[in-house]
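Examination of the molecular architecture
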Amino acid sequence: MAFFIWVNLFIIISNCFLTVSPVFSKPITIPNFIDLAKEPQVFDWIVDIRRKIHQNPELCYEEFETSKLIRAKLDELGVPHKHPVAVTGVVGYIGTGLPPFVALRADMDALPMQELVEWEHKSKVGGKMHACGHDAHVAMLLGAANILKQHEKDLQGTVFLVFQPAEEGCGGAKKIVDAGVLENVSAIFGLHVLNNLPLGEVASRSGPQFAGSGFFEAIISGRGGHAAIPQLSIDPILAASNVIVSLQHIISREADPLDSQVLTVAKFQGGGAFNVIPDSVTIGGTFRSFSRESFAQMRHRIEQVITGQAAVQRCNATVSFLEEEKPLVPPTVNNGDLHDYFQSVAKSLLGADKVKGMEPMMGSEDFAFYQEAVPGYIFLLGMEDVSIEHLPSGHSPYFKVNEDVLPYGAALHASLAAKYLAKLHQEVPVVEGKSHDEL
């Protein structure tokens, strides 16, 4: 369905197509946005946003204050926006209001963990922390909005600014796609900060970059009893132990060794006394793969093995993949053409020596949902300055963001969007007077 009626955001145009003559315009030179992003007025503005968000972390679909701050900053810039999208999400628009359309994405949510970094802008909310850099991602995208707004007259199309909730296992990107935000969008770009890549460097690859991931939970039920007379019981702990060992055979005996896959049982709960066999045991874990086919096969075999091995031990088993609360995330696969484009833009902005390749990573990213809808590309942005300190990894209570990374992210976002619109404008004739009244 159409996303919403676009009313007087940029220009008032009739719903009909006024003319059909193709219009080509002269190329417009896109400035080096790094210099602009590093100007004290812009840099300090971005830093202030990041610190405010960091002090007030919010979990998935609870990002109400974060969303409010984003909307206030877009209003400050004069950037029209739509809210709510996917519960707490915000989508802003900069440009002509006409095709082509390109999107930039930042995730907004924090993690349920206690911050252990002692500094002036530490989290004010107990048990919640921005430990994955999403506060920086939002600040950088707002920084890009600041830069693009200053150069709006040079944009040869429209940039969508997608502030997405609920990346941390809650499938926020899928809700954004389901809301129709990406209808008629030609491409979407995203980034993620990385603790152990040098400041100002980027890393990415064409094809699979992050694994698809899913979660499972199984309840294995037997019959409890006294541990001294096990023959009168049906032991679910023994059954669960056999299940766990058998699950590992899926990887070691069934998967192609050249097709990387992971299956980890990380949860085992059952029993509360040394001499009592419990009625049931709960196990759970995660599974990951770089191909959709392997991912689907693993899901199928997990359920088969759990129920089958439980039955061998005279137990019953129920298996859930928790898709309502933790949607299965497909593999993150970067578009090949966008990889070439990204390399060109990044090298011109940062220098060829700052643009690195990378191996695929078993972590997952719900940016993959965008890539299933439109061509998409996500890259890693380095922020480590070893002359100062080695930064802890993401999802650590000691995680830090080197704020010197913020102008790099803002400039890369802005450059990727502006230059992509210019590229599309030169390649595809634009129909004069054609409006995007519905998004």
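Here, every reference points to the structure presented above.
Note that the structure is a prediction, hence the values are computed from the model and not measured.

Cut-offs applied
Residues numbered from 1 in each chain as written. Predicted model: local features only at pLDDT ≥ 70, side-chain atom pairs only at ≥ 80, totals over all residues. Heavy atoms only, no water. Helix = DSSP H or I, 4+ residues; strand = E, 2+ residues; numbered from the N terminus. Rg over C-alpha atoms; globule rule 2.2 N^0.38 Å. Buried < 20%, exposed > 50% of the residue type's maximum accessible area, 1.4 Å probe, protein only. Disulfide = S-S within 2.5 Å. Axes fitted to C-alpha atoms, helices over the stretch in contact; angles between N-to-C directions. Parallel < 35°, antiparallel > 145°, perpendicular 65-115°, else oblique. Left-handed = near helix turned anticlockwise from the far one by under 90°. Contact = heavy atoms within 4.5 Å. Core = buried A, V, L, I, M, F, W, Y, C linked by side-chain atoms within 4.5 Å. Pairing = 2+ DSSP bridges.

Scanning the protein from terminus to terminus reveals ten helices and 18 strands. Against the compact-globule benchmark of 22 Å for 439 residues, the protein has a radius of gyration of 25 Å, which places it among compact chains. Seen through its principal axes, the protein has C-alpha atoms that stretch 85 × 50 × 40 Å. Here the protein holds 439 residues, and the buried ones make up 54% of them.

With that settled, consider the state of the cysteines. Enumeration according to the criterion identifies one disulfide in this entry. A sulfur-sulfur distance of 2.3 Å marks the disulfide that ties C60 to C170. Since a negative S-S torsion denotes a left-handed disulfide, the C60-C170 link at about -50 degrees is left-handed. With C60 in the loop between α2 (40-55) and α3 (64-77) and C170 in the loop between β5 (158-164) and α5 (172-178), this pair connects stretches of sequence that are 110 residues apart. Exposure remark for C60: the relative accessible area of 21% places this residue in the partly exposed category. C132 carries a free sulfur, and the closest cysteine sulfur to it, the one in C170, is 13 Å from it.

Glancing now at the packing of α2 against α3. Relative to each other, α2 and α3 sit at 160 degrees, their axes nearing to 10 Å. Classed by the angle they form, the pair α2 and α3 counts as roughly antiparallel. As for the relative orientation of α2 and α3, their crossing is right-handed in sense. Contacts between α2 and α3 involve W45, I49, K52 and I53 from the first element and T66, L69, K73, E76 and L77 from the second.

We now examine the nonpolar core. L161, F163 and F189 are the most contacted members of the largest nonpolar core, which totals 74 residues. Residue contributions to this core peak at twelve residues, all from helix α10 (residues 406-427). For F163, the contacting residues outside a window of four places in its chain are I70, L74, G89, V90, A106, M108, V138, L141 and L142. Formed by 27 residues, the second largest nonpolar core is a distinct cluster that contains F101, L182, V329 and F369.

What follows concerns the sheet that holds strand β14 (residues 316-320). Reading across from one edge, β11-β13-β9-β14 is the order of the four strands in this open sheet, with antiparallel pairing throughout. Since the sheet does not close on itself, it has two edges, and those belong to β11 (261-269) and β14, each with one partner. Averaged over all neighbouring strand pairs, the angle between strand axes comes to 20 degrees, with direction disregarded. Taken together, the five bridges between strand β9 (residues 212-221) and β14 define a ladder with antiparallel strand orientation.

The next subject is unusual backbone geometry. Phi is mostly negative for residues that are not glycine, and the peptide bonds are mostly trans. With an omega of -5 degrees, the peptide bond between H83 and P84 qualifies as cis. By secondary structure assignment, the location of P84 is in strand β2 (residues 81-85). Here the amide bond leading from P99 into P100 is cis, since omega sits at -5 degrees, within 30 degrees of zero. Relative to the helices and strands, P100 is located in the loop between β3 (89-95) and β4 (101-107). Even without being a glycine, A86 presents a positive backbone phi close to 55 degrees. Tracing the sequence through the fold places A86 in the loop between β2 and β3. For H395, which is not glycine, the phi dihedral falls at a positive 65 degrees. Inspection of the secondary structure puts H395 in the loop between β17 (376-384) and α10.

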